[in-house]
Amino acid sequence: MATTKSRRTSHFICNECGTVAPKWTGRCDGCGEWNTVVEEIILPGSTPSIQPASPALPITEVSTLDATPIATGIDELDRVLGGGLVAGSVTLVGGEPGIGKSTLLLQVLAHPSRLDSIALYVTAEESAQQVRRRAERLGEIHPNLLLAAETNLSHILSHIHQHRPTCVVVDSIQTVFDPELSSAPGSVGQVRHCSHQLVSVAKQLGVAVVLVGHVTKDGSLAGPRVLEHVVDTVLSFEGDRHHSLRLLRATKHRYGSTQEIGIFAMSELGLEAVVDPSAMFLADRRPGIAGSVVVATTDGNRPIMVEVQALVADSKASNPRRNFTGVDPGRVSLLLAVLERRAEIPVLALDAYAMAVGGARVMEPGADLGICAAVVSSLTGKPVPEDFVLCGEVGLGGELRGVSGLERRLSEAARLGFQRALVASSAPEMSVGLDLIRVSTVFDAMLALGLIQF
């Protein structure tokens, strides 16, 4: 009796959006891009086993020991990860080129706390010599850190099986390829297949795997969306290349909260943890300057005091100029309109500039009141009293609304020496060591600060 042999099949897929087509076409029907459709080989699958790999257990009998995080030795990273990396987990780290992803991960693998364990750094973009030079510059060298300059997936898996490291970094997943697939490295098919294989070996051997991912022009992770779905944690490394400040946040984390952020400063010796970000942002502040205000913000669960500055000037053009850095441009434009219509403060015909100082990014509504006060202070030339901290959301009707986590924000302000806080009238009673001045509208807030007269 003749047996039917399994044969490899193929389909066509777009490298840009992942749309599958039955045949090759010059233009993708999904995204409209030209010459992005390539053939992808589908490897024959094995017959699924009827016997389950593991028995079903009552949830009360499931052990949580395997999900216990292991500290990386980098405090700010451990804060974001909820204690550290979990054995068998897969973490995806994304960020713009040159932001410091490779530096951070090299510091993790070469940290003195890992002297007794094997760590593997797979460099698929740089040579081993380049990574060695960076490690020497950072002072992070020990013999248990293994380097492998590989792009072939089978070779990478062989290294993992041979050395059984506790942690593996693959830098980056977009440059790894499997020769069994005909598509080029970085294509949708290659990224999806290679990531699945690395996730499988991480679960099988209990190895913590960290993948570095490229980002697109809009800052999102490149490659198929399935890449973010199959991993356990997705970390975003952010920052302005013209400033030393770097922010690390989790957009997905199966082992903990996504409300924590890590703050680093880039130096010649690598990334250094910023223990007191509020003090760093306010270090060069000059009190008594019109247009300067300190706002109590939060990023996730972390309260941070940030200086917001504004400057308004007579416009020489028919369309006044608007230039905003580190703040939401659309929201600042909205606040200018609220000041004009609800508080009768003429600002729409003026050139307006606003910024969050020190490379900070303030995108939450709790900074609304501070931005309004900075604009009005610049307009009138009257500085906001230096012992004031401001916090509140401004509505389209000019009303002042409360914000979440107000007690944490104001406790941080009190620790830094502020004495008074301007908040919404609906703010709850709390003991934070500050005199709370409650107002109901943005107009009343400007009166309370002495920036305008009734």
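What you see is a predicted model; the values in this text were computed from it and never measured. (Residues numbered from 1 in each chain as written. Predicted model: local features only at pLDDT ≥ 70, side-chain atom pairs only at ≥ 80, totals over all residues. Heavy atoms only, no water.)

We now examine the side chain of D78. Mapped onto the fold, D78 is located in helix 1 (residues 75-81). Polar side-chain contacts of D78 include one of 3.4 Å to the backbone nitrogen of G73. Non-local contacts of D78, meaning those with residues more than four positions away in its chain, are made with A71, T72, G73, G83 and G84. (Helix = DSSP H or I, 4+ residues; strand = E, 2+ residues; numbered from the N terminus. Polar contact = N/O pair within 3.5 Å; in protein donor to acceptor, adjacent residues only side chain to side chain. Contact = heavy atoms within 4.5 Å.)

Spatially, the nine strands line up as an open sheet ordered 6-5-7-8-4-9-10-11-12, and their pairing is mixed. In the strand order of this sheet, the two ends are held by strand 6 (145-148) and strand 12 (270-273), each with one partner. Strand-to-strand twist in this sheet, taken as the mean axis angle between neighbours without regard to direction, amounts to 25°. One ladder, built from five bridges, connects strand 4 (residues 90-95) with strand 9 (residues 233-239); its direction is parallel. Bridge pairing in strand 9 links G94 to S236. Packed on one face of the sheet, helix 3 (residues 128-138) meets strand 5 (119-123), strand 6 and strand 12 and runs near 125° to strand 5. Sitting on the sheet, helix 5 (residues 188-205) touches strand 4, strand 7 (167-171) and strand 8 (208-213), and the angle it makes with strand 8 is about 160°. (Pairing = 2+ DSSP bridges. Axes fitted to C-alpha atoms, helices over the stretch in contact; angles between N-to-C directions.)

The next thing to look at is the nonpolar core. L339, L390 and M446 are the most contacted members of the largest nonpolar core, which totals 52 residues. Counting residues per element, this core draws most heavily on helix 9 (residues 368-380), at seven residues. Apart from the residues within four sequence positions on either side, L390 is in contact with V293, V294, V295, A296, L369, G370, A373, V384, L422 and L449. Ranked by size, the runner-up nonpolar core spans 30 residues in total, among them L77, I99, F237 and F264. (Core = buried A, V, L, I, M, F, W, Y, C linked by side-chain atoms within 4.5 Å. Buried < 20%, exposed > 50% of the residue type's maximum accessible area, 1.4 Å probe, protein only.)

In this section: the environment of A265. Following the sequence through the fold, A265 ends up in strand 11 (residues 261-267). When the C-alpha atoms of A265 and E150 are compared, they prove to be 30 Å apart, with 115 residues separating the residues in sequence.

So, about a nonpolar patch on the surface. On the surface, L57, I59 and V62 cluster together into a nonpolar patch covering about 330 Å² of accessible area. Looking at the element boundaries, L57 is found in the loop between strand 3 (37-42) and helix 1. (Patch = residues over 30% accessible without salt bridge, like charges linked within 9 Å, V, L, I, M, F, W, Y side chains within 5 Å. Areas by Shrake-Rupley, 256 points an atom, 1.4 Å probe, with all protein chains shown as cover. Salt bridge = Lys/Arg side-chain N within 4 Å of Asp/Glu carboxyl O.)

Bringing the packing of helix 4 (residues 153-163) against helix 5 into the picture now. With their axes 11 Å apart at the nearest point, helix 4 and helix 5 run at an angle of 10° to one another. Relative to helix 5, the element helix 4 lies roughly parallel. Of the residues in helix 5, those in contact with L153, I156, L157, I160 and H161 of helix 4 are H193, C194, Q197, L198, V201, Q204 and L205. Partitioned by chemical class, the residues of the contact of helix 4 with helix 5 number eight nonpolar, four polar and no charged. (Parallel < 35°, antiparallel > 145°, perpendicular 65-115°, else oblique. Nonpolar A, V, L, I, M, F, W, Y, C, P; charged D, E, K, R; others polar.)

Here helix 3 has its buried residues at V131, R134, A135 and L138. The buried side chains of helix 3 occupy one side of the element, clustering within an arc of 100° when seen end-on. More than 90 degrees from the buried face of helix 3, the exposed residues found are Q129, R133 and R137. Next to the buried residues of helix 3 lie helix 2 (101-109), strand 5, strand 6 and strand 12. Phi for G139, located one or two positions after helix 3, is positive at around 70°. (Arc of directions from axis to C-beta.)

Put simply, helix 8 (residues 329-341) and helix 9 touch, their axes get as near as 10 Å, and they point 60° apart. What the angle tells us is that helix 8 and helix 9 run oblique. Seen along the crossing, helix 8 lies across helix 9 with a hand that is right-handed. The segment helix 8 lies against helix 9, with R331, V332, L335, L336 and L339 engaging D368, I371, C372, V375 and V376. A class-by-class count of the residues in the contact of helix 8 with helix 9 yields eight nonpolar, no polar and two charged. (Left-handed = near helix turned anticlockwise from the far one by under 90°.)

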